[in-house]
Amino acid sequence: MDNIILKAENISKQYRLGVVGTGTLSHDINRFWHKIRGKGDPYAKVGSVNDRSTEASEEYVWALKDINFNVRKGEVLGIIGKNGAGKSTLLKLLSRVTGPTTGSIKTKGRIASLLEVGTGFHPELTGKENIYLNGAILGMSKKEVEDKFDEIVDFSGCKKYVNTPVKRYSSGMRVRLAFAVAAHLEPEILVIDEVLAVGDAEFQKKAIGKMQDISKGEGRTVLFVSHDMGAIQNLCTRLLVLENGGVCFEGNVSEGVEYYLQNNKAKELNYKNAAVTEGISSVKFLNSDFQEIGMVLTGQKVIVQVDYNNPEQKDLSLSIGFFDGLSNFLFSCRSDIVNLTMNSRKGKAYLEIHKWPLSPGFYHYNLAVHFKSTMVENIKEAGTVETEKGDFYGTGKLPGKKKAFYIDYNWSEDVL
Amino acid sequence: MNNKISSDWLYEITPNKKLIDLNLKEIWRYRDLLILFVKRDIVTVYKQTILGPLWFFIQPLFTSVIFTLVFNNVGGIATGGVPNFLFNLAGITAWNYFKSCLTGTSNIFRGNASIFGKVYFPRAVMPLSITISNLMKFGIQLIIFIGFYVYYLFIGKEVAPNQNLVLFPVYVLMMALMGLGFGMTISAFTTKYRDLTVLVTFAVSLLMYVSAVPFPLSKAKEKLPELEWVFEYNPITQIIEGFRYMTIDYGTFTWGGFTYALVFSVVIFLIGLIVFNRTEKNFIDTV
């Protein structure tokens, strides 16, 4: 109990849909009229659930509704959720950019946020001047920045450009400099929103390393929002899954990620079900526990379940071929090659891919049915499968940002 | 009971807000930011210009020259025994400070939405830094004014300040308060309703004429007797007239007018502060 550094109680945030127009003024007046008569906000009672796919039936929406959670000291709390689930709104409330509609957030430490770094940069000022300005905006004193100035410049790798106006910087350099400033902040609670999505591979590695230092080495409390499941699994000690403005999971990281991936399926099917044909009645992607998933993680064990019909009751084999977004063939898995042919009238066949080898993105697959080694049915683009970043090598690192194939390998050495 | 519970928390983020919540302690903690903002405001204005800081001098000088040519030479407005140019320079120096405080603060929320939308720092740092950097610009313009003053004395013109000069700090304060008050109010309303941004740009330039900047108040009363009240009840006129009265001993001064302007600027400042305070927490949702 006494370890709790941040406590969110029943926080909600209401937004108005549509544009600000004359209607807003009348609502403002109505609100004011209620207020002077000592009544509550007449619009606080209305508002629909934050689900962007349904049509708006009311003018107000709850971006967050009755969120409760505690953060303990030294914890790295990951926050995941679909786009529009309320993650960024929550971070905005925590970093005091905007106030909650109801509820309260209590904290025992200073909160500093790293929301899309580099926004405080003034293009006309030099790198050096901006380091001071940005540091001050983030709440550092001049002395703190002075003490860490060399470290910051080294970390950013922009030493040569430190006396050049920031407007001449490349966008990558700007981000490096901004992250460098922010990474050297020393608040008790650090809020980070997807900063790792920028910069090149080398810098990303550096940034992740720094984050690990911050959270593990220095025992700082970190709130981390990301879509990168690999980074989440590597850095976080606890996970919060948001859905439609509410907390739908809180607890263990791997369970949370699993929950998120499965849950995604229910609301939004990320792969198209294969057309029901004579030979195949359904295709499902499953995880190692045989639960249906909507997205696949790089490196995850994937099982593809195919329900087949085999009127001839013999010599049926299946093949699934995977293609990238540009329809380039990637790989295929044929059942007769690994000596599986189906001889019963009806059944389920399971394709097991031990480690999903593809980098994040959308892929589609073709399904083919062979009878006595001749193709009798070929469904092109039978379905799509979305891949999210995962931890292929168990190290939290994936090489490069390019679309890639990952294979399971190992390096070893003999010391001479 | 509530106090007891919250005492071990550093701070609490809640939706209810106090009427005026200045949080001076926090502003003090961010004093380095304040200094850097002031520096930024001054340094960046004339970066990548050849004349650099000279532009701070050029603008009021040219305006005064034009005013002298148009109002005094063409329009034939007499300014007592005081040199026309000096009369205009006095008015413009005072007016510019008020104007830059007003226009500077009136765009705070919209102009800084990108920063305000990402990080928290006491929002009051912004208007404060604008007032201070403008005070420095005002200081620079005051130096020019004093320079010409000395020049006119040197060539034998009869100009002298009067005993009201002791009120100088009060006048500067009034200009700042009034500029801030109007500016903060406008800035708060423009987050939701953009109408005011359109209004401000031309209203300020019109306000200058209604505030008797390029001509003495007595002239305005004499030529436009039916509009006398406009000039009389405009608190800015009182400030401009008062500023000229104490520096070049030309104009009208009444204690009534002075008190009126003082009360007015304090009231408008308080209104601005309240509106600003109410807006700063949630403006990012409506901007």
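Note that this is a predicted model, so its numbers are computed, not measured.

Calculation rules
- Residues numbered from 1 in each chain as written.
- Chains lettered and ligands numbered in written order.
- Predicted model: local features only at pLDDT ≥ 70, side-chain atom pairs only at ≥ 80, totals over all residues.
- Pairing = 2+ DSSP bridges.
- Helix = DSSP H or I, 4+ residues; strand = E, 2+ residues; numbered from the N terminus.
- Axes fitted to C-alpha atoms, helices over the stretch in contact; angles between N-to-C directions.
- Parallel < 35°, antiparallel > 145°, perpendicular 65-115°, else oblique.
- Left-handed = near helix turned anticlockwise from the far one by under 90°.
- Contact = placed C-beta atoms within 7 Å.
- Nonpolar A, V, L, I, M, F, W, Y, C, P; charged D, E, K, R; others polar.
- Domains from an automatic or database assignment.
- Buried ≥ 20, exposed ≤ 12 C-beta atoms within 10 Å, placed from the backbone.

(A) View of the sheet that holds strand β14 (residues 316-323) of chain A. All names here are of chain A. An order of β12-β18-β17-β14-β15 is seen for the five strands of this open sheet, with the pairing classed as mixed. Two strands bound the open sheet, and with one partner strand each, they are β12 (295-297) and β15 (329-334). On average, each strand axis in the sheet is inclined to that of its neighbour by 35°, with strand direction left out of account. As paired strands, β12 and strand β18 (residues 374-388) are joined by three bridges and run parallel to one another. When the bridges of β18 are listed, Leu 297 appears paired with Glu 388.

(B) Quick look at the packing of helix α5 (residues 84-106) of chain B against helix α13 (residues 235-248) of chain B. All names here are of chain B. Running from amino to carboxyl end, α5 crosses α13 at an angle of 135°, the nearest separation of the two axes being 9 Å. Relative to α13, the element α5 is oriented oblique. For the pair α5 and α13, the sense of crossing is right-handed. Where α5 abuts α13, its residues Leu 86, Phe 87, Ala 90, Gly 91, Ala 94, Trp 95 and Phe 98 lie against Ile 236, Ile 239, Ile 240, Phe 243, Arg 244, Thr 247 and Ile 248. Of the residues that constitute the contact of α5 with α13, the class distribution is 11 nonpolar, two polar and one charged.

(C) Region of interest: the domain arrangement of chain A. Residue and element names in this part refer to chain A. For chain A, the domain assignment lists domain 1 (4-11 + 68-261) and domain 2 (269-388). The centre of domain 1, based on its C-alpha atoms, is set 40 Å off from the matching centre of domain 2. In this assembly, four residues from domain 1 lie in contact with six residues from domain 2. Partitioning the side of domain 1 that touches domain 2 into residue classes produces two nonpolar, one polar and one charged.

(D) Inspection of the pairing of strand β7 (residues 189-193) of chain A at higher detail. Residues and elements named next belong to chain A. Of all the five residues making up β7, five are buried; the element is thus mostly covered by neighbouring parts of the structure. Residues of β7 alternate between two faces, with Ile 189, Val 191 and Asp 193 on one and Leu 190 and Ile 192 on the opposite face, all of them buried. Strand direction decides the pairing type here: β7 and strand β8 (residues 221-225), joined by five bridges, are parallel. Its bridge partner lying in β8, Ile 192 is registered against Phe 224.

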